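# Structure assessment
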Amino acid sequence: MMRIRRFEAPDTTTALAMIKKEMGEDAVILSTRPISNGKNGKKPWLEVVAAMDSDIEALVNMVPPAQPQEPPIRTYTDRAARQPPAPTTAMPERPSSAPAKPAPPIKKDSPPSLQDFGQALPNEIRSEARELRQRFSRMVNRRNDAGTATAKPTGAPSSQAPSRPNPEEVALWREQIINRIQVTPITLPPDRQGPIILALVGSTGVGKTTTAAKLAAWFSLREHARVTLISMDCYRIGATDQLRTYARIMRLPCELALRKKDLNQTIARHAEQDVIIIDTAGKSPYDQKHIAELSEWFSGPNLIRPLLLLPATAKKEDLATIIAAYTPLKTTSLILTKLDETRAYAALCQQVATGDTPVSCVCTGQRVPEDFLPASRSLIEKLFMEGWDAAVPEMTSLFRKFKL
Ligand SMILES: Nc1nc2c(ncn2[C@@H]2O[C@H](COP(=O)(O)OP(=O)(O)OP(=O)(O)O)[C@@H](O)[C@H]2O)c(=O)[nH]1
Ligand SMILES: [Mg+2]
C-alpha cells in the first residue's frame, strides 16, 4: 500500500481535495512546491507530498539504532519528502497503484537518516505530525466553511472555485473590506465642558510618544487649542525626557504622573486647557497586568479616551492580539502608525475592518509634526486599495491644505 504520495494539481484547493479523497482526513502535508511558475503563458502548477499520520509513526518506530549526532527536528519534513527510507514506503512520481519498491538498505557510514533521528526523538516527531495533521484539517475546514460563511463579503472567492479568484473578484472583495472601515477624525467639540483627554496606548515602540507630540502640534498649531502633555511612562529611562523635549520645542506644558492620584490631580490643575494628551508606557500585549493597571488609572471622574496605536508593520496575528488585549480599555479610536515602513497593508486593513473602532489619525513617518494626518476616507481608500505610491499625492495635498 502506498503511504507517502506525491500529487500534482493546478492549485492548493484541488491538491487538498485529491489528498482528502485518496488518503482520507488523517493525511498530513509534508511539502508543497511550485513546479511551474506560470511564465510564458503556462499556468502555475503545484507539487504536494502528503503522508498518513500512522505512516509517520511507523517510520519513527521502525528500524535501526540512532546515530550519535542527530540533525535538528525541523529538517524532518524536507528530508521526509526527499528521501523516505522506510522499507515499505515508496514515493511515486505521480499517484499510482504500482507496488511499492523497497528502499535500499542503510549503510553504517551513511549520513543520518529519517529513522535515525526518529529513533532518538519519536515524541517530538509524533507531536509535529499531530500538529501537521491538525493544520491540514483546519485548512480543509476553513476552505469548506468559506462558501457558507454569511459574514463574508459577497463576491468573496469561493471554496468551490477550482482556480484562483480573478483580479476583479479580488478588487471587489478588497473594496468591500475597506468600506467596512470606520473613519472618524478627532475634532474638538465646540460645546465641550472642560478639556478632551486623549491617552495614547499600545505596544512598545509603536510611536506613542512621537504621536503624542504630533497630536499636540496638530491641536496647538492647526486648531489653536491650549494643550497640555502628561507622561505616565516611568518604565523606560529617558521616556519622560523625550516628551519633555517635544513640549519644550512647542512651548507646551508637560507634566509627569506616575499614579492614578497624580493623574487626576494633574488633570484638575489643567482643567482650563482644551486638550490633554497622555503618553503611556509601552508594554507587551500579553502583559495583562499593565492593561488592567491602565484601565484602573483611566477609570474615575474624568472622561479619558484611550487611543490605540497600531503599527502597519505588525503581522496579522499580532495586530489581532493587540486589538484583543486592549479591548478592556474600551479604546475609542485607532491611530495607524508607521504606514511609511511597509507597502503591504492587507493585514492592517483586514484587522481594522474587523472591529467597530474607527480610525482617527494616520502617521506616515518620524517627523514631528509633518508626518501626521487626521484620517479621511479618501486617504484610507487610496492607501489600502492602491498602495503607498498612489496615496502620496493625496497626503501631500492634505499636508499643504493643513499647512503644517
Ligand atoms: N517610520 C516611522 N517611524 C515612526 C513613526 N512613529 C514613530 N516612529 C519612530 O518609532 C520609534 C519609536 O517611537 P516612540 O514614539 O518612542 O514609540 P513609543 O511607542 O513611545 O515607544 P515606547 O514608549 O518605548 O513604548 C522612534 O524612532 C520614532 O521616530 C512613523 O509613523 N513612521
Ligand atoms: Mg514612548
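Anything mentioned here points back to the structure above.
Notes on the structure follow.

The rules behind the values
- Residues numbered from 1 in each chain as written.
- Chains lettered and ligands numbered in written order.
- Predicted model: local features only at pLDDT ≥ 70, side-chain atom pairs only at ≥ 80, totals over all residues.
- Heavy atoms only, no water.
- Helix = DSSP H or I, 4+ residues; strand = E, 2+ residues; numbered from the N terminus.
- Buried < 20%, exposed > 50% of the residue type's maximum accessible area, 1.4 Å probe, protein only.
- Contact = heavy atoms within 4.5 Å.
- Areas by Shrake-Rupley, 256 points an atom, 1.4 Å probe, with all protein chains shown as cover.
- Phe/Tyr/Trp six-rings, centres within 6.5 Å; stacked < 30°, edge-to-face > 60°.
- Disulfide = S-S within 2.5 Å.
- Pairing = 2+ DSSP bridges.
- Axes fitted to C-alpha atoms, helices over the stretch in contact; angles between N-to-C directions.
- Near = heavy atom within 4 Å.
- Polar contact = N/O pair within 3.5 Å; in protein donor to acceptor, adjacent residues only side chain to side chain.
- Nonpolar A, V, L, I, M, F, W, Y, C, P; charged D, E, K, R; others polar.
- Right-handed = clockwise from strand over helix to strand, strands pointing away.
- 1 Å grid on protein atoms, 1.4 Å probe; cavity = no way out; pocket = protein on both sides within 12 Å on 5 of 7 lines; lining within 4 Å.
- Points joined across faces, edges and corners; volume = space filled by probe spheres on them.
- Arc of directions from axis to C-beta.

## Observations regarding the overall build of the protein
Scanning the protein for helices and strands turns up 14 helices and 11 strands. The buried share among the 404 residues of the protein stands at 43%. Contacts in the protein between residues far apart in sequence, at least 24 positions, make up 73% of those at least 6 positions apart. Per element, the accessible surface of the protein, about 21,300 Å² overall, is 53% carbon and sulfur.

## Section: the packing of aromatic side chains
Counting across every chain of the model gives 2 aromatic pairs. Seen from their ring centres, tryptophan 218 and phenylalanine 372 are 6.0 Å apart, and the 55° between their planes marks the pair as tilted. Of the two residues, tryptophan 218 is situated in helix α7 (residues 208-222) and phenylalanine 372 in strand β11 (residues 372-374); the sequence distance between them amounts to 154 residues. For phenylalanine 372, a relative accessible area of 1% translates into the label buried.

## Comments concerning the state of the cysteines
The full count for this structure, using the stated rule, is 0 disulfides. Cysteine 363 supplies the cysteine sulfur nearest to cysteine 361, a cysteine that is in no disulfide, at a spacing of 6.7 Å.

## Section: the sheet that holds strand β3 (residues 45-52)
Ordered by their spatial adjacency, 3 strands build an open sheet running β1-β3-β2, and the pairing between neighbours is antiparallel. Looking at the sheet topology across the chains shown, the edges are occupied by β1 (4-9) and β2 (27-36). Going from strand to strand, the sheet's axes swing by 20° on average, the running direction of each strand aside. Note that β1 and β3 share 6 bridges and pair antiparallel. Considered in β3, the bridge of phenylalanine 7 is made with valine 48. Sheet contacts for helix α1 (residues 12-23): β1, β2 and β3; angle to β1, the most-contacted strand, approximately 145°.

## Section: the site of ligand 1
Inspection of the region around ligand 1 gives 19 residues, with Lys208, Thr209, Thr210, Arg236 and Asp340 positioned closest. Measuring from an oxygen atom of ligand 1, one finds a side-chain N or O atom of threonine 210 at 2.5 Å. Within the side chain of aspartate 340, an N or O atom sits 2.8 Å from a nitrogen atom of ligand 1. For ligand 1, the accessible surface in isolation is 650 Å², of which the surrounding protein chains cover 84%. Ranked by residue count, the leading element in the shell around ligand 1 is α7, at 4 residues. Split into classes, the residues belonging to the shell around ligand 1 amount to 2 nonpolar, 10 polar and 7 charged.

## So, the sheet that holds strand β4 (residues 196-201)
The strand order across the open sheet formed by 8 strands is β6-β5-β7-β4-β8-β9-β10-β11, and the pairing between neighbours is mixed. Each of the sheet's edge strands pairs with one partner strand only, and the pair in question is β6 (254-256) and β11. The mean inter-strand angle of the sheet, taken between neighbouring strand axes irrespective of direction, is 25°. Bridging between strand β5 (residues 227-231) and strand β7 (residues 275-279) involves 5 bridges; their strand directions are parallel. Among the inter-strand pairings, leucine 229 is bridged to a residue of β7, identified as isoleucine 277.

## What to know about the pairing of β5
Burial runs high along β5: 5 of the 5 residues are buried. Burial along β5 is two-sided: the residues Val227, Leu229 and Ser231 and Thr228 and Ile230 are all buried. Bridge analysis of β5 against β6 gives 3 bridges, and the strand direction is parallel. Residue pairing for β6: isoleucine 230 is matched across the bridge by glutamate 255. Note on the crossover from β5 through helix α8 (residues 239-250) to β6: the handedness is right-handed.

## A few points about the side chain of aspartate 233
Position of aspartate 233 among the secondary structure elements: in the loop between β5 and α8. Overall, the relative accessible area of 4% leaves aspartate 233 in the buried class. Aside from chain neighbours lying at most four places away, what touches aspartate 233 is Ala239, Thr240, Asp279, Thr280 and Ala281.

## Let's talk about empty space enclosed by the protein
With the rule as written, the count across this model stands at 1 cavity of 30 Å³ or more. Reported here for the largest cavity is a volume of approximately 30 Å³. What lines the largest cavity is Ile186, Leu215, Trp218, Ser360, Cys361, Phe372 and Pro374. Contributions of two or more residues to the lining of the largest cavity are made by α7, β10 (359-363) and β11. Considered class by class, the residues forming the lining of the largest cavity number 6 nonpolar, 1 polar and no charged.

## Observations regarding helix α13 (residues 377-386)
Taken as a whole, α13 has its buried residues at Leu379, Ile380, Leu383 and Phe384. Taken down its axis, α13 places every buried residue within 110° of arc, on the same side. Those residues of α13 that are buried are in contact with α6 (167-179), β9 (333-337), α12 (346-354), β10, β11 and α14 (388-402). Just downstream of α13 lies glycine 387, where phi reads positive at about 100°.

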